[in-house]
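# Per-entry structural report
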Amino acid sequence: MDAGAVDRPPLRSLLFVPGTRTGWLPKARAAGADAAILDLEDAVPASGKPAARAEVADVITRAAAPADQAGRMALFVRVNPMDGWAGAEELRAVVRPGLAGIVLPKVRSARDVELADRLLGWCEREQGLPPGQVALIPLLETARGLREAYDIARAAPRIAYLGALTAPGGDVERAIGYRWSPAGTETVALRSRVLLDARAAGVPCPVSGLWTRVGDLSGLRAFAEQTRSLGYEGMMAIHPSHVPVINEVFSPGAAELTRCAALITAVESAQKNGTGAVSFQGEMVDEAMARTARLVLERHRAHVRVSDQTGGP
C-alpha cells in the first residue's frame, strides 16, 4: 500500500482531551503534546454528545485561523463508531480545515475503514480540502480487528499512526482475556504482531499505549521504553503529566545522536577508501547500519520541527 499520499509528521505523544473540556487544550500544549485527541466517544455521555460535537467543531475552526498556526498542536477527533448516518453527520461536523485526523473506534474489519474513508473523502470535497489530507487512525479494540490488522492497515492510504492499545480493564483486555500487569509482558506479543502488520502495510508512524496509572511515572517510563524497543514511534496518553516522559522516551538522546553521526561518518569514510565495512566502537558496521543511523537523525529533525510548531520541549 502506498501510505505516502500525504506526508504525516511523526508524533511521539497524542493526548486524549474530553470533547466537553476543550478548555484543557492549553494544558496539553504546555505539557508538550505533539497532538491532542478530542474525544467524542467514551469521554462524553450520550446526553452531552451534541453539545460536545459543536464545541469540538468550533475549536477546530478556530485552530485553522492564521493567527493560531504558530504553536498549534495537531488536532484529532475520536468519533463514535460508524454505525449509521449519525456517524456520517458527526464526521461532517468535525472535518474542516484545522483537523489533522480522525480516530475511529471499534474497528472490526477493513470494511469499517473503507466506509470511513469514503465518508471522509466526501467531507473533504465538501470542505475544499485536498483528497486524503485527513488522517485516519483505526482503533483495534476487538479480537477480530486485532487479528485482521494487516488488512485494516491496507484498507486506505490515509491510515497512519496505527498500533495496538493495551490499557488495563478496557475493550482490548475484555476482548482478548489477558490479565494486565504493569510489566506488560502479557501483551508484548500482541503489540509486536500488530506493529509488524502496520509496518508490512506501510503505515507511517505507528503508535501504541495506554498507561492509565496517572501518578505512576516510573511505571509509565518502563512501559514506554518497552514499547519503543518493540519499534513503535509514539504513544497515546490520558494525562498531561505523562507527556514529557513519553516525549523523552521516544526522542533520541544526545549520546545516541552523536553516535549516529559518528557512525555515518565512519562508514562513508570507509566507502571512499573502497571498504564496505569498518570497525566502529568495537563493532563491525556497514551501509545498513548507516542507513539506520540516518533514519534516526531524520526522525529527530522531524520531531524538532513538530516541537517548534507546538512550542513543546
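Criteria and cut-off values
- Residues numbered from 1 in each chain as written.
- Predicted model: local features only at pLDDT ≥ 70, side-chain atom pairs only at ≥ 80, totals over all residues.
- Heavy atoms only, no water.
- Salt bridge = Lys/Arg side-chain N within 4 Å of Asp/Glu carboxyl O.
- Helix = DSSP H or I, 4+ residues; strand = E, 2+ residues; numbered from the N terminus.
- Buried < 20%, exposed > 50% of the residue type's maximum accessible area, 1.4 Å probe, protein only.
- UniProt positions renumbered as here; feature names shortened; annotations may be inferred.
- Contact = heavy atoms within 4.5 Å.
- Pairing = 2+ DSSP bridges.
- Axes fitted to C-alpha atoms, helices over the stretch in contact; angles between N-to-C directions.
- Expected span 1.5 Å × (residues − 1).
- Arc of directions from axis to C-beta.

Throughout the structure, instances matching the rule amount to 20 salt bridges. A salt bridge links D58 to R62; the shortest N-O distance between them is 3.0 Å. Separated by four residues within a single helix, D58 and R62 lie in helix α2 (residues 49-63), roughly one turn from each other. Looking at R62, the relative accessible area reads 45%, which means it is partly exposed. R174 serves as the salt-bridge partner of D171, at 2.6 Å between the closest nitrogen and oxygen. You can see D171 and its partner R174 sitting in helix α7 (residues 171-176), three residues apart, about one turn around the helix. On the basis of relative accessible area, R174 is assigned to the exposed category, the value being 61%.

Here, the residues flagged by UniProt with the feature "binding site: Mg(2+)" (unreviewed entry) are E141 and D171. A maximum C-alpha distance of 5.6 Å places the annotated residues, which cover 31 residues in sequence, within one compact spot. By the secondary structure assignment, E141 is in the loop between β5 (135-138) and α5 (143-147). Not counting residues up to four positions away in its chain, the partners in contact with E141 are R78, P105, K106, D171, V172 and A175.

The seven strands are arranged β5-β4-β3-β2-β1-β7-β6 in an open sheet whose pairing can be described as parallel. Looking along the sheet, the strands with just one partner apiece sit at the ends: β5 and β6 (207-208). As paired elements, strand β1 (residues 13-18) and strand β2 (residues 35-39) share five bridges and run parallel to each other. When the sheet's bridge partners are listed, F16 is paired in β2 with I37. Contacts between α2 and the sheet are confined to β2 and β3 (74-78), with β3 contributing the most and set at about 160 degrees to the helix.

The next point concerns the environment of E141. Owing to a relative accessible area of 12%, E141 belongs among the buried residues under this scheme. Separated by 34 residues in the primary sequence, E141 and V107 place their C-alpha atoms 6.8 Å from one another.

Here we come to helix α9 (residues 217-230). Structurally, the α-helix is built with 3.6 residues per turn, so residues lying three or four positions apart point the same way. Between its terminal C-alpha atoms α9 stretches 20 Å, which fits the 20 Å expected from 14 residues at 1.5 Å a residue. Every buried residue of α9 is listed here: G219, L220, F223, A224, Q226 and T227. The buried side chains of α9 occupy one side of the element, clustering within an arc of 160 degrees when seen end-on. Of the exposed residues in α9, those oriented more than 90 degrees away from the buried face are S218 and S229. In this structure, the buried side of α9 is in contact with α8 (188-200), β6, β7 (234-237) and α10 (243-249).

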